[in-house]
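The lines below spell out each chain.
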Amino acid sequence: MKTVAVVLGLLCCVLAQECNPRQFGYDSVVCVCNATYCDQPGIINFPEEGSFTVVTSSRDGLRFNVETFPVSSEVDPGAEVITLNRDDVYQTIIGFGGGFSDSTGINVVNLPSELQEHFFTSYFAPEGIGYNLCRIPIGGSDFSTRPYSYDDVEDDVDLQYWSLTDDDHNYKIPLILRAQELTSYPLKLFGTPFAPPAWMKTNGMFNGSGVLIKDMYQPYANYILKFVEAYEAEGVELWGLTPQNEPLGGLIDWGINTCGWSSESMRDWLKGNLGPTLEAAGYRHLKMMVHDFNRNSLPWNVEPLLEDPDSDQYIDGIALHWYEDASTSPDVLEETLALSPDKFILYTEASQGATVYLGSWERAEEYIYRMLDAINHQTTGWVDWNMALNQDGGPNWWRNSFDSPIIVNAEAEEFYKQPMFYAIGHLSKFVVPGAQRISWSTMSSMMNMAAFIDPSGRTVFVVLNMNEIEEALSLTDGSGSYLNFKIPPKAAQTILY
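Residues numbered from 1 in each chain as written. Predicted model: local features only at pLDDT ≥ 70, side-chain atom pairs only at ≥ 80, totals over all residues. Heavy atoms only, no water.

Moving on to the overall build of the protein chain. A count of helices and strands for the protein chain gives 11 helices and 24 strands. Radius of gyration (C-alpha) of the protein chain: 23 Å, near the 23 Å computed for a compact globule of 497 residues. Expressed as lengths along the three principal axes of its C-alpha atoms, the size of the protein chain is roughly 75 × 50 × 35 Å. Going through the 497 residues of the protein chain one by one, you find that 62% of them count as buried. (Helix = DSSP H or I, 4+ residues; strand = E, 2+ residues; numbered from the N terminus. Rg over C-alpha atoms; globule rule 2.2 N^0.38 Å. Buried < 20%, exposed > 50% of the residue type's maximum accessible area, 1.4 Å probe, protein only.)

Rendered as structure tokens:
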């Protein structure tokens, strides 16, 4: 069996490169990339009929390890049987990706050009992990070197001084344009404002407790429109928008860039200003995703927006952050979707923090666990936050440090792919746009898993083993064939057949 697996596995992969591991004292390793070498999983195709491919990453150091085995007509003794129902189809996947924050750009452009290319390939190319859905902060965020907007001229309600900044031209747009050249699928991009110009807010600050002055409702809608038009002029067309990052934050003394919105004020601005302004300018096609905050404020925070037909007409989806997932049942996702079943749910920010843990498998495990949990409750994708940070988890003007799937060491001219990078990749590389989730059942599983029909009609299955022992599994769709395989302890796998 081992010989067959190795031989078939070689046929399955193109240009695979192994991890260059380094230990930093945590429970697993990072993979080190420099100007001359960077591991890439390669192009991993579906195997020929009669066989299946298992891709494994683990705490013990496997990173997209590929094996291909023959399909069997019998269940291996002692294996847990998991039955897929390909006729029980749920949501369609939009995609996976990360954020083009200023901090990401600053870290990437500080690298040698060859190493920058390794970064782009790792995230966006078919031989990398295939990101296709990314977030762009509209103006500054906490992951900038300073708080700023596109018009910091006091009381410029006509926006005569509105302009993109050096941050856009140096750290965002060039990265986006390069990423667009590499992706197999069109890169879907959505913009998110963290704060309006400070002079548009009641407190006159980018952060803190403050809301948009009512007289600024239309100027701010015009401000957002100018961003859409300016990026389009630079060759960056948007797929969607969220009207505000973490809108409830500005109703309290939020430390980072923010603007407070109650449900009712967001409803009124959306239906009275932002929606009509975008529509009149020809941008009604942009996917508008409201909420953009944690699920512990669902469904009540979106009910007023969805119940009002004048605001509901401008809403396409519900955007979520993951920060309260551990304390909030995923059932609220189903409850929210029931309010307006034609909407989609998309996770638009996730990040580990507040200290960089180089080589933490525990963080990778939490990522994929939460991703699978969200997907099994109707989520259509997952967008991570910063794609690259430095070893201090920044830069961040508020000193609000986070971890990241790639950590840059500019002084050493290298970057480190965290276990989180591969955790995301077990979904982003294989569960492509247009895939549909299907149901599964088993008698006694301790595994976390999700199953999909690929647009090609073939099957993708993702499973996480959080246990300290190897587990034997057998996958079937009721056709009399069985995919018998073992998952190592503390490991994630993607199965293709």
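That covers the picture; the talk isn't over yet.
What follows concerns the sheet that holds strand E17 (residues 406-409). In spatial order, the strands read E2-E3-E18-E17-E16; together these 5 strands make up an open sheet with mixed pairing. Both edges of this open sheet fall to strand E2 (21-23) and strand E16 (389-390), since each of them pairs with a single strand only. In the sheet, E2 pairs with strand E3 (residues 29-33) via 3 bridges, with the strands oriented antiparallel. Bridging across to E3, Gln23 finds its partner in Val29. In the packing of helix H3 (residues 113-124) onto the sheet, the strands contacted are E3, E17 and strand E18 (414-417), and the crossing angle to E18 comes to about 20°. (Pairing = 2+ DSSP bridges. Contact = heavy atoms within 4.5 Å. Axes fitted to C-alpha atoms, helices over the stretch in contact; angles between N-to-C directions.)

Time to look at the nonpolar core. With 109 residues, the main nonpolar core has Phe124, Leu427 and Phe452 as its most contacted residues. Non-local contacts of Leu427, meaning those with residues more than four positions away in its chain, are made with Phe96, Ile368, Met371, Leu372, Ile375, Phe452 and Val462. Among the nonpolar cores identified, the runner-up in size contains 20 residues, and Ile82, Met449, Leu475 and Leu483 belong to it. (Core = buried A, V, L, I, M, F, W, Y, C linked by side-chain atoms within 4.5 Å.)

Looking at where Asp156 falls in the secondary structure, it is placed in the loop between strand E9 (133-138) and helix H4 (166-182). Put simply, Asp156 and Asp27 are 129 residues apart on the chain and 53 Å apart in space, counted from C-alpha to C-alpha. Aside from chain neighbours lying at most four places away, what touches Asp156 is Asp151, Tyr161, Trp162 and Trp199. For Asp156, the side chain forms a polar contact with the main-chain nitrogen of Gln160, separated by 2.9 Å. Polar side-chain contacts of Asp156 include one of 2.8 Å to the backbone nitrogen of Tyr161. (Polar contact = N/O pair within 3.5 Å; in protein donor to acceptor, adjacent residues only side chain to side chain.)

Looking now at unusual backbone geometry. Glycine aside, the phi torsion of most residues is negative, and most peptide linkages are trans. Following Gly353, the chain continues to Ala354 via a peptide bond in cis, the omega torsion being 0°. In this structure, Ala354 sits in the loop between strand E14 (344-349) and helix H10 (361-375). In this structure, the amide linkage connecting Gly394 to the following residue, Pro395, adopts the cis form with an omega of 10°. Inspection of the secondary structure assignment puts Pro395 in the loop between E16 and E17. A positive phi is found at Glu246, a non-glycine position, where the angle reads about 45°. Checked against the element boundaries, Glu246 lands in the loop between strand E11 (240-241) and helix H6 (263-280).

Here the focus is the sheet that holds strand E19 (residues 436-442). One open sheet accounts for 9 strands, arranged E6-E5-E24-E21-E20-E19-E7-E22-E23; its pairing is mixed. Of all the strands in the sheet, the pair left with one neighbour each is strand E6 (65-70) and strand E23 (483-487). Sheet twist, expressed as the average angle between the axes of neighbouring strands with direction ignored, equals 30°. Sheet topology note: the strand E5 (residues 51-58)/strand E24 (residues 491-496) ladder contains 6 bridges and is antiparallel. For Thr56, the partnering residue across the bridge sits in E24 and is Gln493. Against the sheet, H10 engages E5, strand E7 (80-92), E19, strand E20 (448-453), strand E21 (459-465) and E24, with an angle of about 135° to E21. Of the strands in this sheet, E5, E20, E21 and E24 are in contact with helix H11 (residues 419-428), which crosses E5 at around 160°.

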